[in-house]
Amino acid sequence: MFLIISNPVNSTVPIFAETLKKHGVYNPRKLFGVTTLDVVRANTFVSENQGMDVNNTNVRVIGGHAGTTILPLLSQVPGAKFSEENVQ
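Note that the structure is a prediction, hence the values are computed from the model and not measured.

J.: Can you help me understand the environment of Ile15 in this one?
T.: Examined against the element boundaries, Ile15 turns out to sit in helix H1 (residues 9–22). Separated by 62 residues in the primary sequence, Ile15 and Val77 have C-alpha atoms spaced 34 Å apart.

The structure is reproduced here in structure tokens:
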């Protein structure tokens, strides 16, 4: 199993996949991109913004790893209310 955490994850995972394919050992079920940092950042932002305990905050994050493609699912955070300014 391979867990890729090197930035940019959305670029390094496909590069590593191609390298594995070249050597005939590629298995898509054993290659993962780890984006824990994105979740930690979203949890920290939400907990600070909403006055929540960061240890009890879980923000789901989808999309790419870049700032223009990453999307924290703020509407899915229980009890959180965000102004338009916060969302921007």
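Structure shown, so let's carry the discussion forward.
J.: So what exactly am I meant to see when it comes to the side chain of Asn43 here?
T.: Mapped onto the elements of the fold, Asn43 is located in helix H2 (residues 36–50). Judged by its relative accessible area of 10%, Asn43 is buried. Reaching out from Asn43, the side chain makes a polar contact with the backbone oxygen of Thr57 at a distance of 3.4 Å. In contact with Asn43, other than residues within four places in its own chain, are Val54, Thr57, Asn58 and Val59.

J.: Looking at this structure, how should I read the side chain of Ser47?
T.: Take Ser47: it is sitting in helix H2. Relative accessible area serves as the criterion here: at 6%, Ser47 is assigned to the buried category. With residues near it in sequence (within four places) discarded, Ser47 still touches Met52, Asp53, Val54 and Thr57.

J.: Would you explain the pattern of salt bridges in this entry?
T.: As a working rule, side chains carrying opposite charge can pair if their charged atoms are close by. One pass over the full model with this rule turns up one salt bridge. The closest approach of N and O atoms between Glu18 and Lys21, which form a salt bridge, is 3.2 Å. Here Lys21 and Glu18 lie together in helix H1, a separation of three residues that amounts to about one turn. A relative accessible area of 48% places Glu18 in the partly exposed class.

The rules behind the values
Residues numbered from 1 in each chain as written. Predicted model: local features only at pLDDT ≥ 70, side-chain atom pairs only at ≥ 80, totals over all residues. Heavy atoms only, no water. Helix = DSSP H or I, 4+ residues; strand = E, 2+ residues; numbered from the N terminus. Buried < 20%, exposed > 50% of the residue type's maximum accessible area, 1.4 Å probe, protein only. Polar contact = N/O pair within 3.5 Å; in protein donor to acceptor, adjacent residues only side chain to side chain. Contact = heavy atoms within 4.5 Å. Salt bridge = Lys/Arg side-chain N within 4 Å of Asp/Glu carboxyl O.

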